[in-house]
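Report on the structure
Chain by chain, the residues run as shown.
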Amino acid sequence: MNLTENDVLELFNKTKALLSGHFLLTSGRHSNKYFQCAKVLQYPNYNEAICKNISDFFKDYEIDTVICPAIGGIVVGQEVARQLGKKFIFAERENNTMSLRRGFDLKEGEKVLICEDVVTTGGSVFEVIELAKQKKANIVGVGFIVDRSFGKVKFGYPQHSTVKMEVISYLKEYCPLCKEGLELVKPGSRKNLK
Ligand code: ZN
């Protein structure tokens, strides 16, 4: 049975992958939500259940290989490939260019499904798309766990996410949580994240 969007969110909450409060993001902006996908995917059974949503969506597509950008996408791509019974490779940046290393390669006409954990602007996925095009592979689709663009990012191929999540953040000057006097938490700092 496939998880609904709410089931997925429940797993995020349960594993503290999704926190509510007053957070300082790496961009310097403030937000009432903080999301760290790795917190839920560290449990292989949750990763398996969530990825099933992606592999089921693409199960009738002709796929030779699942590919993902390193690092976040690796656990997702590996699991989706396992469920579909396909090969799995990943791309990584070398001198700022998304490349295939470790003896990985794509052949002309190879049918690839691209996977990722979180899409915000889609930057890494677009780089893998470019790489696949250079290799003249056939891109079949893009599957990912969280769409933080709330459907705004379109890759130009069939795409599927297990959950859409809106990101609301504020410049600190305009942050309503600061005005309320809520303590600001820097995610990852031991002090505040129990
Ligand atoms: Zn604030």
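Everything here concerns the structure above.
Described in the following lines is the structure provided in the data block. Position numbers for residues start from 1 in each chain and track the written sequence from start to end. Thresholds applied to this predicted model are a pLDDT of at least 70 for local features of residues and 80 or more for the giving and counting of side-chain atom pairs; totals over whole chains, interfaces and linings are not thresholded and use all residues. Side-chain numbers come from the whole structure's heavy atoms, not from hydrogens or water.

**Considering helix H3 (residues 44-57)**
A rise of 1.5 Å per residue sets the reference length of H3, with its 14 residues, at 20 Å; its end C-alpha atoms lie 20 Å apart and thus fit the reference within 8%. Throughout, the bend at a residue refers to the angle made by two axes, fitted to the seven residues ending there and to the seven starting there. For the purposes of this entry, the term helix denotes a DSSP run of H or I that reaches at least four residues, the term strand denotes a run of E that reaches at least two, and both are numbered from the N terminus. Of all the bends in H3, the greatest measures close to 30° and is centred on cysteine 51. Three labels apply to residues, based on accessible area from a 1.4 Å probe with only protein chains included: buried if under 20% of the type maximum, exposed if over 50%, partly exposed otherwise in between. All of the buried residues in H3 are Tyr46, Asn47, Ile50, Cys51, Asn53, Ile54 and Ser55. Throughout, a contact is declared for two residues whenever any of their heavy atoms are within 4.5 Å. The inward-facing, buried residues of H3 abut helix H1 (5-14), helix H2 (38-41), helix H4 (74-84), strand S6 (111-119), strand S7 (138-147) and strand S8 (159-164). Multiply 1.5 Å by the residue count of a helix minus one, and that product is the helix's expected span.

**Concerning the coordination of the zinc ion**
Ideal coordination angles are 109.5 degrees for a metal with four donors arranged tetrahedrally and 90 or 180 degrees for a metal with six donors arranged octahedrally. Here a donor is any nitrogen, oxygen or sulfur atom (N, O, S) within 2.8 Å of the metal, with 3.2 Å used for Na, K and Ca; water is not among the atoms considered, so some sites may look incomplete. Note on the zinc ion: its protein donors are His22 (NE2), His30 (ND1), Cys175 (SG) and Cys178 (SG). The metal-donor distances range over 2.0 to 2.4 Å. What the four donor atoms of the zinc ion show is an angle range of 96 to 116° at the metal, which sorts the shape as tetrahedral. Expressed as a motif, the donor residue spacing for the zinc ion is H-x7-H-x144-C-x2-C. Of the two residues, histidine 30 sits in strand S2 (residues 30-35) while cysteine 175 sits in the loop between strand S9 (169-170) and helix H6 (176-179), which places them 145 residues apart along the sequence. Given the relative accessible area of 3%, histidine 30 is considered buried. The exposure class assigned to cysteine 175 is buried, which follows from its relative accessible area of 1%. Irregular is the label for any site that misses the other tests, which are tetrahedral for four donors with all angles between 85 and 135 degrees, and square planar for four donors or octahedral for six when opposite donors exceed 155 degrees and the remaining angles lie between 65 and 115.

**Brief notes about the layout of surface pockets**
Using a grid of 1 Å spacing that covers the protein atoms alone, one calls a set of points a cavity when a 1.4 Å probe fits there but cannot get out, and a pocket when the set is open and has protein on both sides within 12 Å along at least five of seven lines; lining residues are those with an atom within 4 Å of a point. Grid points are joined across faces, edges and corners, and a volume is the space filled by probe spheres set on the points. Estimated volume of the largest pocket: approximately 670 Å³. What lines the largest pocket is a set of 25 residues, and nearest its centre among them are Thr26, Tyr34, Phe35, Gln36 and Arg148. When contributions to the lining of the largest pocket are tallied by element, the ones reaching two or more residues are S2, H2 and S6. Each residue belonging to the lining of the largest pocket can be placed in one class, and the counts come to twelve nonpolar, eight polar and five charged. Side-chain classes follow a simple rule in which Ala, Val, Leu, Ile, Met, Phe, Trp, Tyr, Cys and Pro form the nonpolar group, Asp, Glu, Lys and Arg form the charged group, and the remainder, Gly included, forms the polar group.

**A word on the pattern of salt bridges**
The salt bridge criterion pairs a side-chain nitrogen of Lys or Arg with a carboxyl oxygen of Asp or Glu, the two atoms within 4 Å. Summed over the entire model, instances satisfying the criterion amount to eleven salt bridges. The residue arginine 82 makes a salt bridge to glutamate 48 at a minimum N-O spacing of 3.5 Å. A residue pair is termed long-range when its members are at least 10 positions apart, and arginine 82 in helix H4 and glutamate 48 in helix H3 qualify at 34 residues. Here glutamate 48 falls in the partly exposed class, since its relative accessible area comes to 39%. Residues glutamate 130 and lysine 133 are paired through a salt bridge, measuring 3.9 Å at the closest nitrogen-oxygen approach.

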